[in-house]
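Structural features, examined
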Amino acid sequence: MCGIIGCILSSGLAAPILFSGLKRLEYRGYDSAGMATIYGGKLYLKKDSGKIDDINSRLNFMDMPGSLGIAHTRWATHGAPSRENAHPHLDCSGTIAVVHNGVIENFLELKRELEDRGHKFTSRTDTEVIPHLIEEGVKSGLNLYEAVLQAVRRLRGSYAIAVISTVEPDKIICARNESPLIVGIGDGAYYCASDIPAILEYTRNFISMDNGEIAVLSLGGIEFRRISDGEFVLKKPFTVDWSIELAEKQGYPHFMLKEIYEQPLSLRNALRLQEQYLDLLSRFIDRGERVFLVACGTSYHACLAASYMFSKIARVAAFPVVASEFLEQYGDSVGIDDVILAVSQSGETYDVLRAVDHARMRAATVLGLTNTVGSTLTRVSRAYIVQQSGPEIGVAATKTFTSQLIVLAQLAMRVANLRGKLSQQESDSLRDSLKGMPEVIGRVLNSCADNVKLLAKRYAKKNLFLFLGRGINVATALEGRLKLLEITYTPSLAFSAAESKHGPISIVEKGVPVIFIAPRDSTRKEIIGNIMEMKARGAEVIALCEEDDREIIGLADHHIPMPKGIPDVLSPIPYIVPLQLFAYYVAVERGLDPDKPRNLAKSVTVP
Ligand code: F6R
């Protein structure tokens, strides 16, 4: 996903700050990068396609002069990755530079109009219409702010933009609609960026921009206004206490591995959430006629598991819905009595926000669970919880998944208590299990890593995997499959083990690895039957089962021993961990970079 950053400093060079910001934005996924600065009335521009370090070794961003500038990592949406399509984009005179994250829906119509008036375009991007529109405003006598305002009022679609120009070389103008944008307040410095980690090294004080806002950053301060009527808006800053080290690899070869090993800590943090917010969300859920759990990708798998938690713990039917389908599936029926709990690590996923907007429009109650303070989801939710996992840099979600699960389990418990669905003993026992989860995950990490590494080595060359589970662990199977698929590019299937005879079993033949998630729960008898079905067709079975489950251990070709006594409803939390490690080690075996899978972005802010 594209990322933008800008800075204006009272002294020193902008280029090193912009460069380090670009490096921190890398995790969002990108194919090109570029930077523009202003110095001595002149605009300097460098950009190209490729990896940031490679571009830098060719072009040397560091020798760009000036204490004000903008930079960009591009993830192509319109026009292939190339130098021409990389940002920043300029107007005809080469005095206005723009970086943009988002998609301008009406760019073709604007481009035609601008070309008819003589503007020359050099790229195939939607973004390039913006500097040309601003150029027209400046030429008609508007100041830079007014020209940007006039330009963005013509845009339809999503954008987070930062604009600089030699016509007013002491300002950055930012504007936002639907794409994330924050500003940072430093010591004699102001910043803007698509996300907090990009500038965390330089400041801890931030202000989130909301949809429909424009800001003017200068050394005199920041002014926020509404795009619609130009009225001033008062904004409240917030501080972030993430350590920079937390956002770095801490000695692990990859962020993904570091984040897998961070799970005891991230789970502990997720168990320390403020009671009042858990209570507030639970009360809203309790009042809902229908409860929808809406999310994408890994977060959707957390919702699927949560639907079992809500049903089993609180006797609440909660419907997990893939966010991109929400409008089609429930858009016409969702209403004032419904509750939508949107789950999104980034809090910026386009499809989630679209579902949420629609639900709000139909007067449903929107609740949010996210990992990102100040994200759009937090601002559009009636009440929200920030899961406190710390930044997740690896593109594949790992620690944020287990934290989502533990927060959702806490919510289910509270709703159960409100409804009187749990006895004191059940409630105490579940609470103890929740509390013990960080320690359990620590033990699983210690005990399974070597075993999983060996299995990854053994199976790294296989070109098909099956992941099977039952009950709540259908979600674990789906998530284990997603991890393997996204970072190793291996075609794999995952489904309820019960479904195999309805079709998928036809592809099983000798040597196909089938991974069973098989805790000792109410589905165990059936799972044993499914393992036998697979064995009978020559599959090689790898079972995740309790350490003393002799029957399953006896049937499987390999097993990964798991701790005993985990309640069914919490089992996805420990059982996903070996599968995260398995995907990681298969990727490493194949010489792939697990942190940056091809074609994927950390935060999917476009339709
Ligand atoms: C998979 C992964 C994605 C995200 C999905 C939703 O490892 O990271 O599938 O889970 O893009 O993202 P959020 O949770 O930010 O809405």
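As a reminder, the structure under discussion sits directly above these lines.
Residues numbered from 1 in each chain as written. Predicted model: local features only at pLDDT ≥ 70, side-chain atom pairs only at ≥ 80, totals over all residues. Heavy atoms only, no water.

Some thoughts on the overall build of the chain
As a reminder, the rule being used: Helix and strand definitions follow DSSP, with helices as H or I runs of at least four residues and strands as E runs of at least two, each counted in order from the N terminus. Our radius of gyration looks at C-alpha atoms and nothing else; its globule reference is 2.2 Å times the residue count to the power 0.38. Exposed residues in this analysis have more than 50% of their type's maximum accessible area, buried residues have under 20%, and partly exposed residues fall in between, with area computed by a 1.4 Å probe over protein chains only. Throughout, a contact is declared for two residues whenever any of their heavy atoms are within 4.5 Å. The Shrake-Rupley method, run with a 1.4 Å probe, gives the accessible areas here. Residue values count only the displayed protein chains as cover. This count recognises Lys and Arg as positive and Asp and Glu as negative, with His and chain-terminal groups excluded. For this purpose, a charge sits on NZ of Lys, CZ of Arg, CG of Asp or CD of Glu.
In terms of helices and strands, the chain carries 18 helices and 24 strands. On C-alpha atoms alone, the chain measures out to a radius of gyration of 25 Å, which is about the 25 Å that the 2.2 N^0.38 rule sets for 607 residues. When the backbone C-alpha atoms are referred to their principal axes, the chain occupies close to 80 × 50 × 45 Å. A buried classification covers 61% of the 607 residues belonging to the chain. When contacts within the chain are restricted to residue pairs at least 6 apart in sequence, long-range pairs at least 24 apart make up 72% of them. Per element, the accessible surface of the chain, about 22,700 Å² overall, is 49% carbon and sulfur. Of the charged side chains in the chain, 68 are positive and 70 negative, and the gap between their average positions amounts to 3 Å.

Some words on helix H11 (residues 350-361)
Note the threshold: Residue count minus one, scaled by 1.5 Å, sets the expected span of a helix.
Here H11 spans 16 Å end to end across 12 residues, near enough to the 16 Å set by a 1.5 Å rise per residue. Of all the residues in H11, the buried ones are Tyr350, Val352, Leu353, Ala355, Val356, His358 and Ala359. Structurally, H11 contributes buried residues whose contacts are with strand S15 (291-295), helix H10 (323-330), strand S17 (339-344), strand S18 (365-370) and helix H12 (376-380). Looking at the residues trailing H11, positive phi occurs at Ala363, about 70 degrees.

Some details on the site of the ligand
Selection criterion: A molecule or strand has a residue near it when one of that residue's heavy atoms lies within 4 Å. Here a polar contact means two N or O atoms within 3.5 Å. Within protein one must be a hydrogen donor candidate and the other an acceptor candidate, and residues neighboring in sequence count only if both atoms are side-chain atoms. The residue classification treats Ala, Val, Leu, Ile, Met, Phe, Trp, Tyr, Cys and Pro as nonpolar and Asp, Glu, Lys and Arg as charged. All others, Gly included, are polar.
What surrounds the ligand is a group of 14 residues, the closest being Ser299, Ser344, Ser346, Thr349 and Glu486. Ser346 places a side-chain nitrogen or oxygen 2.6 Å from an oxygen atom of the ligand. At 3.3 Å, a backbone N or O of Val395 approaches an oxygen atom of the ligand. Expressed as a share of its isolated accessible area of 410 Å², the protein-covered part of the ligand is 91%. Tallied by class, the residues present in the shell around the ligand amount to five nonpolar, seven polar and two charged.

Quick word on the nonpolar core
This is how the line gets drawn: In this description, a nonpolar core means a group of buried Ala, Val, Leu, Ile, Met, Phe, Trp, Tyr and Cys residues linked to one another through side-chain atoms lying within 4.5 Å.
One finds Phe310, Leu341 and Phe582 to be the most contacted residues of the largest nonpolar core, which totals 90 residues. Per-element accounting of this core gives the leading share, 13 residues, to helix H14 (residues 424-459). With residues near it in sequence (within four places) discarded, Phe310 still touches Ile285, Leu293, Arg315, Val316, Ala318, Leu408, Leu411, Ala412 and Val415. Listed in part, the 30 residues of the second largest apolar core include Cys7, Tyr30, Ile182 and Phe206.

Observations concerning the packing of aromatic side chains
The condition that has to hold: Planes of paired rings set the category: under 30 degrees apart is stacked, over 60 is edge-to-face and the rest tilted, where pairs are Phe, Tyr or Trp rings (Trp by its six-membered ring) whose centres lie within 6.5 Å. Cation placement over rings: the criterion is NZ of Lys or CZ of Arg within 6 Å of the ring centroid and within 35° of the ring normal.
Tallied over the full model, the rule gives 11 aromatic pairs. Their ring planes at 75 degrees and their centres at 5.7 Å tell us that Phe465 and Phe582 sit as a pair that is edge-to-face. Here Phe465, found in strand S20 (residues 465-469), pairs with Phe582, found in helix H18 (residues 572-589); they are 117 residues apart in sequence, far enough to count as distant. A connected cluster of aromatic rings, assembled from ring pairs, spans Phe292, Phe319, Phe326 and Tyr330. Sitting above the plane of the Phe224 ring, Lys235 keeps its charged end 5.9 Å from the centroid.

Details of the side chain of Gln410
Here Gln410 shows up in helix H13 (residues 399-418). The class of Gln410 is buried, set by a relative accessible area of 9%. A polar contact of 2.9 Å, which involves the side chain of Gln410, links it to the backbone oxygen of Ala270.

Focus on the environment of Gly34
Of note, Gly34 is situated in strand S2 (residues 32-39). By relative accessible area, which is 0% here, Gly34 ends up buried. Sequence separation of Gly34 and Val163 is 129 residues, and the distance between their C-alpha atoms is 14 Å. Not counting residues within four places of it along the chain, the set of residues in contact with Gly34 comprises Leu22, Lys46, Lys47, Phe61, Ile70, Ala71, His72, His87 and Pro88.

Concerning the packing of helix H9 (residues 297-314) against H13
For the record, the criterion: Between the N-to-C directions of two axes lies an angle of 0 to 180 degrees, each axis being a line fitted to C-alpha atoms and, for a helix, fitted only over the stretch in contact. These descriptions rest on fixed angle ranges, namely under 35 degrees for roughly parallel, over 145 for roughly antiparallel, 65 to 115 for roughly perpendicular, and the rest for oblique. Crossings are sorted by hand: turned counterclockwise from the far helix by less than a right angle, the near helix makes the crossing left-handed, and turned clockwise it makes it right-handed.
In contact at an axis separation of 9 Å, H9 and H13 are set at 25 degrees when each is read in the N-to-C sense. Overall, the two elements H9 and H13 adopt an arrangement that is roughly parallel. Crossing handedness for the pair H9 and H13: right-handed. Judged by residue contacts, Thr298, Ser299, His301, Ala302, Ala305, Ala306, Met309, Phe310, Ile313 and Ala314 of H9 engage Phe401, Gln404, Leu405, Leu408, Ala409, Leu411, Ala412, Met413, Val415 and Ala416 from H13.

Considering the pairing of strand S3 (residues 42-49)
What counts is decided by this rule: We treat two strands as partners when DSSP finds at least two bridges between them.
Inspection of the sheet shows S2 paired to S3 by eight bridges, in the antiparallel sense. The residue of S3 that forms the bridge with Ile38 is Leu43. Counting the residues in the hairpin turn of S2 and S3 gives two residues, including Gly40, whose phi is positive at 55 degrees.

Topic: the pattern of salt bridges
The condition that has to hold: Salt bridge criterion: a side-chain nitrogen from Lys or Arg within 4 Å of a carboxyl oxygen from Asp or Glu.
Summed over the entire model, instances satisfying the criterion amount to 37 salt bridges. One salt bridge in this structure joins Asp48 and Arg58, with 3.2 Å as the shortest N-O distance. Of this pair, Asp48 sits in strand S3 while Arg58 is found in helix H2 (residues 52-59), placing the two residues 10 residues apart along the sequence. Among the ionic pairs, Arg117 bridges to Glu113, the shortest N-O distance being 3.2 Å. Judged by relative accessible area, which is 44%, Arg117 ranks as partly exposed. The partly exposed category is assigned to Glu113, whose relative accessible area is 24%. Sharing partners across several salt bridges, the network here consists of Glu113, Arg117, Glu136 and Arg154.

Concerning the sheet that holds strand S4 (residues 68-74)
Spatial strand order, S3-S2-S4-S1-S10-S9-S11-S14: eight strands in an open sheet with antiparallel pairing. Where the open sheet ends on each side, the last strands, each with one partner, are S3 and strand S14 (238-239). The sheet contacts of helix H1 (residues 14-25) involve strand S1 (3-9), S2, S4 and strand S10 (189-193), and relative to S1 the element is tilted by about 155 degrees. Its contacts with the sheet put H2 on S2, S3 and S4, and the angle it makes with S3 is roughly 130 degrees.

Here's the deal with the sheet that holds strand S21 (residues 492-496)
Strands belonging to one sheet form pairs held by backbone hydrogen bonds; the direction of such a pair is parallel or antiparallel. Read across the open sheet, the five strands follow the order S21-S20-S22-S23-S24; overall the sheet is parallel. On the outer flanks of this sheet lie S21 and strand S24 (558-562), each paired with one strand and no other. Sheet twist, expressed as the average angle between the axes of neighbouring strands with direction ignored, equals 15 degrees. For strand S23 (residues 540-546) and S24, the ladder comprises five bridges, and the chain directions are parallel. From the neighbouring strand, Leu544 faces S24, where its bridge partner is Ile560. In the packing of helix H16 (residues 524-536) onto the sheet, contacts are made with S20, strand S22 (513-518) and S23, and the angle to S22 comes to roughly 170 degrees.

As far as function goes, none of this settles anything; it's purely spatial.
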